[in-house]
Amino acid sequence: MAQQVFVLVGTRKGAFLAESDAARRSWQLRGPFCETWPTNHVVADPLSGTLYAGGGNEWFGPAVWKSTDFGASWTHSSQGLAYEAGQDPVKSVWSLAVAGDGTLYAGVEPAGLFRSTDGGVSWTHLDGLQKHPTRPEWHPGGAGLILHSLVLDPADPKKIWVGISAAGVFASEDGGLTWETRNRGTRADFMPEGQNYPEFGQCVHCLVMAPGGRGRLYQQNHCGMYRSDDGGRSWESIEKGLPSSFGFPAAVHPRDPDGLYLIPLNGDIKGRFMPEGNAAVWRTGDAGVSWRAQRSGLPQGGAYFNVLRQAMATDTLEPAGVYFGSNAGGLYASADEGESWDCIAPYLPTITSVETLVWER
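Position numbers for residues count from 1 along each chain, tracking the sequence in the order it is written. Reporting in this predicted model follows two pLDDT cut-offs: at least 70 for local features of residues, and 80 or more for side-chain atom pairs to be given and counted; totals over whole chains, interfaces and linings ignore these cut-offs and use all residues. Hydrogens are left out, water is left out, and the side-chain values use all remaining heavy atoms of the structure.

## A short note on the side chain of His-41
Here is the rule we go by: Numbering of helices and strands runs from the N terminus, with a helix taken as a DSSP run of H or I at least four residues long and a strand as a DSSP run of E at least two residues long. A simple rule labels every residue: compare its accessible area, found with a 1.4 Å probe on the protein chains alone, to the largest value its type can have, and call it buried under 20%, exposed over 50%, or partly exposed in between. Counted as a polar contact is a pair of N or O atoms within 3.5 Å, where, for protein atoms, one must be capable of donating a hydrogen and the other of accepting one, and residues adjacent in sequence contribute only when both atoms are in side chains. The criterion used for residue contact is that any of the two residues' heavy atoms lie within 4.5 Å.
Looking at the element boundaries, His-41 is found in strand S4 (residues 39–44). Judged by its relative accessible area of 5%, His-41 falls in the buried class. Looking at His-41, its side chain comes within polar contact range of the main-chain nitrogen of Leu-96, at 2.9 Å. If we ignore the near neighbours within four places in the chain, the residues touching His-41 are Tyr-52, Ala-53, Gly-54, Trp-94, Ser-95, Leu-96, Gln-310, Ser-353 and Glu-355.

## What about the nonpolar core?
Nonpolar side chains in soluble globular proteins tend to be buried together. Stated precisely, the cut-off is as follows: Put simply, a nonpolar core is a bunch of buried Ala, Val, Leu, Ile, Met, Phe, Trp, Tyr and Cys residues held in one set by side-chain atoms that sit within 4.5 Å of each other.
Phe-324 and Leu-331 are the most contacted members of the largest nonpolar core, which totals 32 residues. Taken together, the elements giving at least two residues each to this core come down to strand S1 (3–11), strand S2 (14–21), strand S21 (260–264), strand S24 (312–314), strand S25 (322–325), strand S26 (331–334), strand S27 (342–345) and strand S28 (351–360). Residues Ala-111, Trp-138, Leu-145 and Phe-170 belong to the second largest nonpolar core, which totals 19 residues.

## Some words on the state of the cysteines
In protein chemistry, a disulfide is the covalent bond that joins the sulfur atoms of two cysteines. Note the following rule: Disulfides are defined as pairs of cysteine sulfur atoms found within 2.5 Å of each other.
Overall, the coordinates contain 0 disulfides when judged by the stated rule. Not part of a disulfide, Cys-206 finds its nearest cysteine sulfur in Cys-203, a span of 12 Å.

## Some remarks on the sheet that holds strand S5 (residues 51–57)
Pairing between sheet strands relies on hydrogen bonds along the backbone, with the strands arranged either parallel or antiparallel. Rule in force here: DSSP bridges decide pairing: two strands pair if at least two such bridges lie between them. Only the contacting stretch of a helix is used when fitting its axis, a line to C-alpha atoms as for every element, and angles between N-to-C directions run 0 to 180 degrees.
Spatially, 4 strands are ordered S4-S5-S6-S7 in an open sheet, and the strand pairing comes out antiparallel. At either margin of the open sheet sits one strand with a lone partner, and together these are S4 and strand S7 (75–77). Pairs of neighbouring strands in the sheet enclose a mean axial angle of 20°, with direction left out of account. Relative to S5, S4 is paired through 5 bridges, and the arrangement is antiparallel. Note on S5: the bridge partner recorded for Thr-39 is Gly-55.

## As for unusual backbone geometry
What you tend to see is this: most non-glycine residues have negative phi, and most peptide bonds are trans. With an omega dihedral of 0°, the bond running from Gly-31 to Pro-32 counts as a cis peptide bond. Residues Glu-109 and Pro-110 are joined by a peptide bond in cis, for which omega reads -5°. Assignment of secondary structure puts Pro-110 in the loop between strand S9 (104–109) and strand S10 (112–116). In this structure, Glu-35 takes a positive phi of about 55° despite not being glycine. Residue position: Glu-35 is located in the loop between strand S3 (28–33) and S4. By relative accessible area, which is 61% here, Glu-35 ends up exposed. A positive phi angle is found at Thr-36, which is not glycine, with a value near 60°. Locating Thr-36 in the fold gives a position in the loop between S3 and S4. Look at Thr-36 and you get partly exposed, because its relative accessible area is 40%.

## Considering the side chain of Thr-352
Position of Thr-352 relative to the elements: it lies in strand S28. Polar contacts involving the side chain of Thr-352 include one to the main-chain carbonyl oxygen of Thr-39, which spans 2.6 Å. Excluding residues within four positions of it along the chain, Thr-352 makes contact with Gly-10, Thr-11, Arg-12, Thr-39, Asn-40, Leu-308, Gln-310 and Ala-311.

Geometry only, nothing functional implied.
What follows is the structure, encoded as structure tokens:
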């Protein structure tokens, strides 16, 4: 059977799909889908091939779109994607994740978590997160109070980690019924001196899990880059050697728990673009002990774009493919683990997310 590679792209004006064979030398782009709704995250169920796209805003409302034919047709539902009476309304869906049994999770704005057991037709609010005692003191980040990172343990469906801007990392080990903060060791430089390591309130930008099932997590934070080897109970800074401690996306190598890709930006208050206008993806092969820049094929000079928190991913092929999309609409791909790059779609709307699916036909 032949392998087909899909790059799933969320944008401010709908979802797009880029398709190639396993060689990944040429790409076909399709879209926009989802009736050009603002689309924050597009994911796939790797077992069924079903595609899900989450998005919306204050005007459209929240919804999750679904395609069972690789984008040829789509349906959507918002049934149950609402808080209880008296709470602020759900503005949009920000993140999606599919468990091994097909259960679908959605992180929303204002920050909260919903679950669907019928393929996105209806949703149930997992209110344990909003009942956490710290909830009255959560404050929004620059993009709002959003649950943007959603990590499921493939070995234990009851273990869930979420990243919330700007409340920090929270974890549940009972399927979302109860939650605990997991921010020890991550800084909050914007807090008053002496209060820079609070229990919660950190502005996490991206949270990803390494392969291998050893509880390793990586976190790009507003204030540094971190690794945890104990499921987020403690964090160690790994930003030494990077051009900046600030950035948004992170993507793990599909097989190597020590492998990670980052796109540092030039800082919080300096414009949030590639340092010196030179595009680069930074890679570590030793869990953050050392880093090197991968630039071949990326624009050097004049690259004043940003890459948003969910807009970077890897595929599962050998060698692994690496992909990212910019807020200027360029979609970039590498078929050799980041050693060389091509722009496979230069003129998309602002790219909000990039994910992949490898499918055998």
